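# Residue-level structure breakdown
Below are the chains, spelled out letter by letter.
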Amino acid sequence: MSDADLHHHGDADLAPGLVDLAVNVRAGTPPPWLRAVLHEALDAAAAYPDARPARAAVAAAHGRPAGEVLLTAGAAEAFTLVARAVRPRRAVVVHPSFTEPEAALRAAGHPVERLLLQPPGYLLREVPEDADLVVLGNPTNPTSVLHRADDVAALARPGRVLLVDEAFADTVPGEPGSLAGRRDLPGLLVVRSLTKTWGLAGLRVGYALGPADLVAALAAQQPHWPVSTPALAALVACTTPAARAEADAAARALTADREALLAALPPEVEVVGTPRSSFVLLRVPDGARVRTALRDRGWAVRRGDTFPGLSPDHLRVAVRDPATSVALAADLADILGAGTPAFRDLSRLPEEIR
């Protein structure tokens, strides 16, 4: 069970001068209006943080009482809090997926069982009935697969904590897979993040939504003032109706950019699953060599072999603008010996770069 480096993340694949396709933070963020909010929040940094306005804002955005909201220093903190507060008899983590939840559980001394989803679709399947802690992502990092909300909801039951990592939920227009507003499912804990859409990885800001008793148990594991004043200001700003509408518009633009990337890839590259988020999972022959060759040409992509269930032939690539995707595809075709890429479907490329 120690075959994958659970602590490897996309930022480790970066280096100065490389085009960043390894980290899934939206390019060009944070937007100017959010930068202004953060700058203004610095003026209040001399006082201790007051989390109440941010908690109320998140609660209102998801139609929940404030007691069902836990503010965290990034989504990753929520995984550590669960590992400290919950004492599972049988913890099951659905893979391939973000590795921090399993790493946190193992660090806390909990045995972890992996449920590996199968290619080519990496679709959700049944978990052991006696599992009292189940962890999965939706949409899933790194496969970019979006599981049906009803299928995820069906995993909830009394006596089980169902932890759903929705860090990328707002990258899908309309958030069709999200369970953030479901208060009727026993033991459901939804973890969200502002990192991806708003470009706040360095600020460490996220939250969890769940039953009040579970939220209280997690909060008891936090130190005082766990979320900074600028992070709290960002939570308030990014949960307004206007900000949520902007996020949805960004998700719709992302959909078009992702289609352009898929259209540009050479046929020798296999697209794994049906991508729905801000990244795609690819499978290429001799992946380790290809990744090194891409790096030599100025591209940073996320290696796949540190995710349980994947191999060195898997590469995760962030969705960027179409011109960047076409340039990447040309280098991929050359590295794979395919010459000029034969685009899968020219009609899916923007007219200006056809």
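Just above sits the structure.
For every chain, the first residue of the written sequence is number 1, and numbering continues from 1 along that sequence. Only residues with pLDDT of 70 or above have their local features reported here, since the model is predicted, and side-chain atom pairs are shown and tallied only from 80 upward, although totals for entire chains, interfaces and linings are computed over all residues. Processing note: side-chain calculations cover all non-hydrogen atoms of the structure and skip hydrogens and water entirely.

### Description of the overall build of the protein
To qualify as a helix, a DSSP run of H or I must reach at least 4 residues; to qualify as a strand, a run of E must reach at least 2; elements of each kind are numbered from the N terminus. Along its length, the protein carries 11 helices and 12 strands. The dimensions of the protein, computed from C-alpha atoms along their principal axes, are 60 × 50 × 35 Å. The buried share of the protein, reckoned over its 354 residues, is 54%. For the protein, restricting intrachain contacts to residue pairs at least 6 apart in sequence, the fraction spanning at least 24 positions comes to 75%. Each accessible area is a Shrake-Rupley estimate made with a 1.4 Å probe; only the visible protein chains count as cover when residues are assessed. Total accessible area on the protein stands at roughly 14700 Å², and carbon and sulfur atoms take up 54% of it. Of the charged side chains in the protein, 36 are positive and 41 negative; the average position of the first set lies 3 Å away from that of the second. Working definition: with a 1.4 Å probe on protein chains only, accessible area under 20% of the residue-type maximum means buried, over 50% means exposed, and in between means partly exposed. Two residues qualify as a contact provided that any one of their heavy atoms is within 4.5 Å of a heavy atom in the partner residue. Asp and Glu count as negative and Lys and Arg as positive, but His and the ends of the chain are not part of the count. A charged residue contributes its charge at one atom only: NZ of Lys, CZ of Arg, CG of Asp or CD of Glu.

### Examining the environment of Ala245
Along the chain, Ala245 turns up in helix H9 (residues 241-264). In this structure Ala245 comes out as partly exposed when scored by relative accessible area, which is 47%. Each C-alpha atom, one on Ala245 and one on Gly174, is 9.7 Å from the other, the two residues being 71 residues apart in sequence.

### Digging into the pairing of strand E8 (residues 206-209)
Covered by surrounding structure in E8 are Gly206 and Ala208 together with Tyr207 and Leu209, the residues of both alternating faces. Across 4 bridges, strand E2 (residues 69-72) lies against E8 in antiparallel orientation. Across the sheet, the residue bridging to Val69 is Leu209, located in E8. Pairing between strand E7 (residues 188-193) and E8: 4 bridges, direction antiparallel. If you follow Arg192 over to E8, its bridge partner there is Tyr207. The rule for pairing is simple: two strands pair if DSSP sees at least two bridges between them.

### Things to note about the side chain of Ser277
Looking at where Ser277 falls in the secondary structure, it is placed in the loop between strand E9 (270-271) and strand E10 (279-283). A residue is classified by how much of its surface remains accessible, and Ser277, at 0% relative accessible area, is buried. Of the polar contacts made by the side chain of Ser277, one reaches the side chain of Thr171; its length is 2.7 Å. Sequence-distant contacts of Ser277, defined by excluding residues within four places in its chain, comprise Pro139, Ser144, Phe168, Thr171, Leu254, Arg258 and Val319. Under the rule applied, a polar contact is a pair of N or O atoms within 3.5 Å (in protein, one hydrogen donor and one hydrogen acceptor; residues adjacent in sequence only if both atoms are side-chain atoms).

### Points about the packing of H9 against helix H11 (residues 322-335)
To get an axis, fit a line to the C-alpha atoms, keeping to the stretch in contact for a helix; angles then go from 0 to 180 degrees between the N-to-C directions. In contact at an axis separation of 9 Å, H9 and H11 are set at 20 degrees when each is read in the N-to-C sense. With respect to their mutual orientation, H9 and H11 come out roughly parallel. In terms of crossing hand, the pair formed by H9 and H11 is right-handed. Along the contact surface, H9 presents Asp257, Ala260, Leu261 and Ala264, while H11 presents Pro322, Ser325, Val326, Leu328 and Ala329. These descriptions rest on fixed angle ranges, namely under 35 degrees for roughly parallel, over 145 for roughly antiparallel, 65 to 115 for roughly perpendicular, and the rest for oblique. Left-handed describes a crossing whose near helix is turned anticlockwise from the far helix through less than a right angle; right-handed describes the clockwise counterpart.

### Points about helix H1 (residues 32-42)
Turning to H1, its buried residues are Leu34, Leu38 and Ala41. Here the buried residues of H1 occupy an arc of 60 degrees about the axis, which is enough to place them on one side. The outward face of H1, more than 90 degrees from its buried face, is lined by the exposed residues Pro32, His39 and Glu40. For H1, the secondary structure elements touched by its buried residues are helix H6 (195-198) and helix H8 (229-238). To obtain the arc, one takes the directions from the helix axis to the C-beta atoms.

### Things to note about the packing of aromatic side chains
Geometry of aromatic contacts follows a simple scheme: Phe, Tyr and Trp rings, the Trp one being its six-membered ring, pair when their centres are within 6.5 Å, and the pair is stacked under 30 degrees between planes, edge-to-face over 60, tilted otherwise. Scanning all chains against the criterion turns up 4 aromatic pairs. Summarising the aromatic geometry, the rings of Phe168 and Phe279 are spaced 4.9 Å apart at their centres and angled 70 degrees between planes, so their arrangement reads as edge-to-face. Here Phe279 lies in strand E10 and Phe168 lies in the loop between strand E6 (161-165) and E7, a separation of 111 residues in the sequence. Phe168 sits in the buried class, given a relative accessible area of 4%. Judged by relative accessible area, Phe279 falls into the buried class, the value being 0%. Charge-over-ring contacts are defined here by two conditions on Lys NZ or Arg CZ: a distance within 6 Å of the ring centre and an angle within 35 degrees of the ring normal. The ring of Trp198 has Arg26 lying over it, and the distance from NZ or CZ to the ring centre is 5.8 Å. Against the face of Phe279 rests Arg316, its NZ or CZ located 5.7 Å from the ring centre.

### Re the packing of helix H3 (residues 75-85) against helix H4 (residues 100-107)
A pair of packed helices is characterised by two quantities: the angle between their axes and the separation of those axes. Packing of H3 against H4 brings their axes to within 8 Å, and their N-to-C directions diverge by 35 degrees. The element H3 and its partner H4 pack so that their crossing is right-handed. Counted together, Phe79, Thr80 and Ala83 of H3 and Glu100, Pro101, Ala104 and Leu105 of H4 form the full contact between these two elements. Three residue categories are used. Nonpolar comprises Ala, Val, Leu, Ile, Met, Phe, Trp, Tyr, Cys and Pro, charged comprises Asp, Glu, Lys and Arg, and polar comprises the others, including Gly. Per-class residue counts for the contact of H3 with H4 are 5 nonpolar, 1 polar and 1 charged.

These figures come from the coordinates and say nothing about function on their own.
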